[in-house]
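Examining the three-dimensional arrangement
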Amino acid sequence: MPSIISKMLAIFLLASVSLTSLAANSYPMTVIDGMGNEVVLKKAPQKISSLSWFTDEVLQHMVDNKRIVSMTFLASDPNYSNIADRLPTGITLLDFNVEALVGIYPDLVFAANWSEAGKVAQLRNAGIPVYLVDTPTSISAIQAEILKLAQMLDAQNAGDKMVADMNSRLSDLAPKIAAIKARQLVGIDYNTWGSASGVGTTWNEILEQSGLINAAASLEVGDYGQVSLSKEAIVAVNPDLLFLPGWVYGDPAGAETFKQSVITDPALSGVSAIQKGHILQVPEKLAGSYSQYIVEAVAYIVNAVSAAQ
């Protein structure tokens, strides 16, 4: 049976062929964004504005910093951002501020597919191209979006290298992932809202790529792929590994306080993960990543689980 890595490499090759045949670096270029809109680029964009966490992290590794005219405020937050320590000097940080963006007048704005439609329309009416990123939730989808952005920005070599680096990292981890998968370990995340991440989320992808079984994947999901998780449900699942928040917004001590409340809760005392001390707090910037850094989240979990054998 083909390995996960082999399948991913096949997807990568197919994506490369497909995207190269689309435009072959010829401008004007017309692309279709994540919401099905046509975006016309008259030339390779030299003034690029990022309004999504995904494009903040991708662009910083894809194009010269001089081409990035703005990023989100999240890019500078070390709790969320994997690039907080390498931001371009003096980079403008802003949210979706139409007036500020018109003042900058970028050649291209990258925004999330859930961005306010009215604001997107205002920018487009001002003559600024806006590409809405269809937020990816799997490694293959992340790689495909990276390659598409590289094609748009005349940065194919950088895009190819980013994808190759992701695949190389996963290939290096493959023996450990196979060993974890053979153990049929069950994991589940549990947050301060009393929920876990089910199918269709990046967290589900991270656990599966790490060789773990996500117990929440079989449960009914609500908004944003979240599964309501009672203490009784945790006991019933009896996970081998319990993943708790590595950071709580607005409360520096919140993650540790929550962890202590969970591991000392009499109602959860019989849970295997708690009895064995198999509790893992993944840094938020990795646990919530949906850029190329998702592979680092996989590596973090794989190495932690392997060390805890």
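For the structure given in this document, a descriptive report is provided here. (Residues numbered from 1 in each chain as written. Predicted model: local features only at pLDDT ≥ 70, side-chain atom pairs only at ≥ 80, totals over all residues. Heavy atoms only, no water.)

So, on to the packing of aromatic side chains. According to the stated counting rule, one finds 8 aromatic pairs in the structure shown. Here phenylalanine 54 and tyrosine 290 contribute two aromatic rings whose centre-to-centre distance is 5.9 Å and whose plane-to-plane angle is 10°, an arrangement assigned as stacked. Remark: tyrosine 290 occurs in the loop between helix H11 (284-287) and helix H12 (294-307) and phenylalanine 54 occurs in helix H2 (residues 53-62); sequence separation between them is 236 residues. Assigned by exposure class, phenylalanine 54 and tyrosine 290 land together as buried. (Phe/Tyr/Trp six-rings, centres within 6.5 Å; stacked < 30°, edge-to-face > 60°. Helix = DSSP H or I, 4+ residues; strand = E, 2+ residues; numbered from the N terminus. Buried < 20%, exposed > 50% of the residue type's maximum accessible area, 1.4 Å probe, protein only.)

With that out of the way, let us pick up the environment of methionine 152. As for its placement among the helices and strands, methionine 152 is situated in helix H5 (residues 139-152). For methionine 152, a relative accessible area of 0% puts it in the buried group. If sequence neighbours within four positions are ignored, methionine 152 has contacts with Tyr27, Met29, Val31, Leu41, Pro45, Leu108, Phe110 and Tyr131. (Contact = heavy atoms within 4.5 Å.)

The next subject is the pattern of salt bridges. If you walk through the whole model with that rule in mind, you get 5 salt bridges. One salt bridge in this structure joins arginine 169 and glutamate 296, with 3.1 Å as the shortest N-O distance. Within this pair, whereas arginine 169 is found in helix H6 (residues 156-182), its partner glutamate 296 is found in helix H12, the two being separated by 127 residues in sequence. Looking at arginine 169, the relative accessible area reads 30%, which means it is partly exposed. Glutamate 296 gets classed as partly exposed once you look at its relative accessible area, which sits at 28%. The residue lysine 231 makes a salt bridge to aspartate 265 at a minimum N-O spacing of 2.5 Å. Pair noted here: lysine 231 is in helix H8 (residues 231-237) and aspartate 265 is in the loop between helix H9 (254-263) and helix H10 (272-275), with a separation of 34 residues, a long-range link. Among the residues examined, aspartate 265 registers a relative accessible area of 12% and is labelled buried. (Salt bridge = Lys/Arg side-chain N within 4 Å of Asp/Glu carboxyl O.)

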